[in-house]
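Single-letter residue listing:
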Amino acid sequence: MLEMSARVPGENNINFSYRAIREGILSLDLKPGQLLNVGELSEALKVSSTPIKNALWKLQQEHLVDLIPQVGTYVSKINLELVEEAANMWFDLEKECLKAACQAYPKESLNQLKRNLYFQEMLLEQQSNLVNEKEFVGEFCKLDEEFHSIIFDGHGRNTTWKAVSYMASDYQRMMMLKQVNVHVEQMVEEHKEIISIIENKTIEQVETVLKSHILRPLDGWRQHQK
């Protein structure tokens, strides 16, 4: 069941419940197809049923929850069509951002990318010291999310990245199910390539690295679904 999540300062019950349940779904603490009990969620998060119901309705709009009248509320199963749509949208938008970055990109944003990459490499070195595999995967996914958000932020497109990130919820769950820890080293190397592309303005390499980084994982998932 859902682990108790720490509140963000100033966060009300509705936003807290939404964030905690959403994070539980994306981290697979709440698994695809799992029945969600309002009472159990209320007890776990120590809030009333009203913010829980509000959160579940909002998550239904994001295709992360299925509300079936007279039956129950379930974590949505991963939808391959949504995964592919999100991956292709992400690829197209980040491709344009990186091509623009080869023309001009803020030094501060580039330094933020390098700092993020440093933390990724440190996490790899400390992998054996973490409590479990899930903790490692969760920490890496946070850094990966931040890395790509910085790319968009550098062009003042924070809202665009938020839209991509929310659209890519099923993509993120797919990566968790595929045991992303197996591919972390390759993903870190691709992040290095992205930084190199920006620094050296090698615009011709943008599509190749993004196809490998964003679209390649879909191949294994398609095979898994057959």
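What you see is a predicted model, and the numbers here were worked out from it, not measured in a lab.

(A) Summary view of the packing of aromatic side chains. Here the structure, examined in full by the defined rule, presents 4 aromatic pairs. Between Phe152 and Trp161, the ring centres sit 5.3 Å apart and the planes meet at 40°, which makes this aromatic pair tilted. Assigned by exposure class, Phe152 and Trp161 land together as buried. Ring pairs connect the aromatic residues Trp90, Phe152, Trp161 and Tyr171, which therefore count as one cluster. Over the aromatic face of Tyr18 sits the side chain of Lys58, whose NZ or CZ is 4.3 Å from the ring centroid.

(B) How the structure looks around helix H8 (residues 169-177). With 7 of 9 residues buried, H8 lies mostly within the body of the structure. Within H8 the residues assigned to the buried category are Ser169, Asp170, Tyr171, Arg173, Met174, Met175 and Met176.

(C) Main features of the nonpolar core. Core analysis: the biggest nonpolar cluster contains 44 residues, and Tyr105, Leu113, Ile151, Tyr171, Ile194, Ile198 and Leu210 have the highest contact counts within it. Counting only elements with at least two residues in this core, the list comes to helix H4 (80-101), helix H5 (107-125), helix H6 (133-153), helix H7 (158-167), H8, helix H9 (184-200) and helix H10 (206-215). In terms of residue count, H6 provides more of this core than any other element does, 9 residues in total. If we skip the residues at most four places from it in the chain, Ile151 touches Glu94, Cys97, Leu98, Tyr105, Leu113 and Ile194. Within the second largest apolar cluster, 18 residues are counted, among which are Ala20, Leu30, Val47 and Leu59.

What counts, and where the lines are drawn
Residue numbers run consecutively from 1 along every chain, following the written order of its sequence. Selection of residues for local features in this predicted model requires a pLDDT of at least 70, selection of side-chain atom pairs for listing and counting requires 80 or more, and totals for whole chains, interfaces and linings are taken over all residues. No hydrogens and no water enter the side-chain calculation; it runs on all heavy atoms of the structure. Only centres within 6.5 Å qualify two rings of Phe, Tyr or Trp (six-membered ring in Trp) as a pair; their planes then separate them into stacked at under 30 degrees, edge-to-face at over 60, and tilted for everything else. Relative accessibility thresholds used throughout: buried, under 20% of the residue-type maximum; exposed, over 50%; partly exposed, between the two (1.4 Å probe, protein chains only). We call a charge positioned over a ring when the NZ of a Lys or the CZ of an Arg lies within 6 Å of the ring centre and within 35 degrees of the ring normal. Every helix listed is a DSSP run of H or I at least four residues long, and every strand listed is a run of E at least two residues long, numbered separately from the N terminus. Residues enter a nonpolar core if they are buried and are Ala, Val, Leu, Ile, Met, Phe, Trp, Tyr or Cys, with the set joined through side-chain atoms within 4.5 Å. We call two residues contacting when some pair of their heavy atoms lies within 4.5 Å.

These values are about where atoms sit, not about what they do.
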